[in-house]
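Here are the chains, one letter per residue:
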Amino acid sequence: MELSIQLIERCIANERAAQRQLYEILMPYLNLICKRYLNHTEELQDTLQEVFILIFKNIRQFDIQRASFKTWATQIAINCCLKNNSSNQRKGTQELIVPLHETPVDPAIIKTLSERDLLRWLKKMPEPYFQVFNLYVVDGFSHREIAELLQIDESLSRQRLTRSRAWLKQRLPEHLQTKLHLNKL
């Protein structure tokens, strides 16, 4: 299946078959995006449902001149995840201080980690640091864009990236730091 302008136009015309096709094309990709950004994976299905509702509700606002449809849909998914995390964060508090006495991870263990396990391990990072790390390093957002998304100052975005880098350096073996290019962040 392929994502085409014709498919998007058919979705705008409210063709159910086209909407189903678009859903089937985007679902695996947006599922991965949401898994990466959500703090609580038990909220994954609800968040994905919200993402697709917003996509179909706002599909007329999509502008091919500004971005690809996949990029536009990704932005919606990231915003939904961040909003979800933010509303859940208000329900409780989270301390940003990382304990210094945590035992470093054995390098042999990291070599055996799957992508899913690595993501789960990275999510042990304090949430604000993980959000900025994910947006900046993985998705390539600028500090200005991150500041807008998270409604923080650009300087705070830079600070959180620095702290996430320190968190990783403290916990990752040296050979993995080199592979992940942590010194270039």
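Residues numbered from 1 in each chain as written. Predicted model: local features only at pLDDT ≥ 70, side-chain atom pairs only at ≥ 80, totals over all residues. Heavy atoms only, no water.

This paragraph deals with the overall build of the protein. Within the protein, the secondary structure is distributed over ten helices and zero strands. Going residue by residue from the N terminus, the α and β elements of the protein occur as α-α-α-α-α-α-α-α-α-α. Counting across all 185 residues of the protein, residues that qualify as buried make up 38%. Contacts spanning at least 24 positions in sequence make up 64% of the contacts within the protein whose residues lie at least 6 apart. Of the roughly 11,600 Å² that the protein leaves accessible, carbon and sulfur atoms contribute 50%. (Helix = DSSP H or I, 4+ residues; strand = E, 2+ residues; numbered from the N terminus. Buried < 20%, exposed > 50% of the residue type's maximum accessible area, 1.4 Å probe, protein only. Contact = heavy atoms within 4.5 Å. Areas by Shrake-Rupley, 256 points an atom, 1.4 Å probe, with all protein chains shown as cover.)

A few words on the pattern of salt bridges. Applying the stated criterion across every chain yields a total of six salt bridges. Ionic pairing is found between arginine 10 and glutamate 15, a salt bridge with its closest N-O pair at 2.8 Å. Here arginine 10 falls in the partly exposed class, since its relative accessible area comes to 31%. The closest approach of N and O atoms between arginine 144 and glutamate 154, which form a salt bridge, is 3.7 Å. Within this pair, whereas arginine 144 is found in helix H8 (residues 143–150), its partner glutamate 154 is found in helix H9 (residues 154–171), the two being separated by ten residues in sequence. Judged by relative accessible area, glutamate 154 falls into the partly exposed class, the value being 28%. Salt bridges linked by common partners bring Arg144, Glu154 and Arg158 together as one network. (Salt bridge = Lys/Arg side-chain N within 4 Å of Asp/Glu carboxyl O.)

One pass over the structure, following the stated rule, counts five aromatic pairs. In this structure, lysine 70 is placed above the aromatic ring of tyrosine 29, and the distance from its NZ or CZ to the ring centre is 4.3 Å. (Phe/Tyr/Trp six-rings, centres within 6.5 Å; stacked < 30°, edge-to-face > 60°. Lys NZ or Arg CZ within 6 Å of the ring centre and 35° of its normal.)

Moving on to the confidence of the model for the protein. Should pLDDT be low for a region, the predicted coordinates there are not to be read in detail. Mean pLDDT over the protein works out to 80, with 76% of the residues at or above the 70 mark. Across the protein, the element-wise mean pLDDT spans from 47 in helix H5 (residues 107–111) up to 94 in helix H3 (residues 44–57). Across residues 92–110, confidence stays below pLDDT 50; counting only partners more than four residues off in sequence or on other chains, it has 24 contacts. (pLDDT = per-residue confidence, 0-100.)

The next point concerns the environment of asparagine 85. Tracing the chain through its elements places asparagine 85 in helix H4 (residues 69–90). Note on asparagine 85: relative accessible area 1%, which makes it buried. Here the alpha-carbon distance between asparagine 85 and glutamine 131, two residues 46 residues apart in the chain, equals 9.8 Å. Residues contacting asparagine 85, with those up to four places away along its chain left out, are Tyr37, Leu38, Asn39, Glu127 and Gln131.

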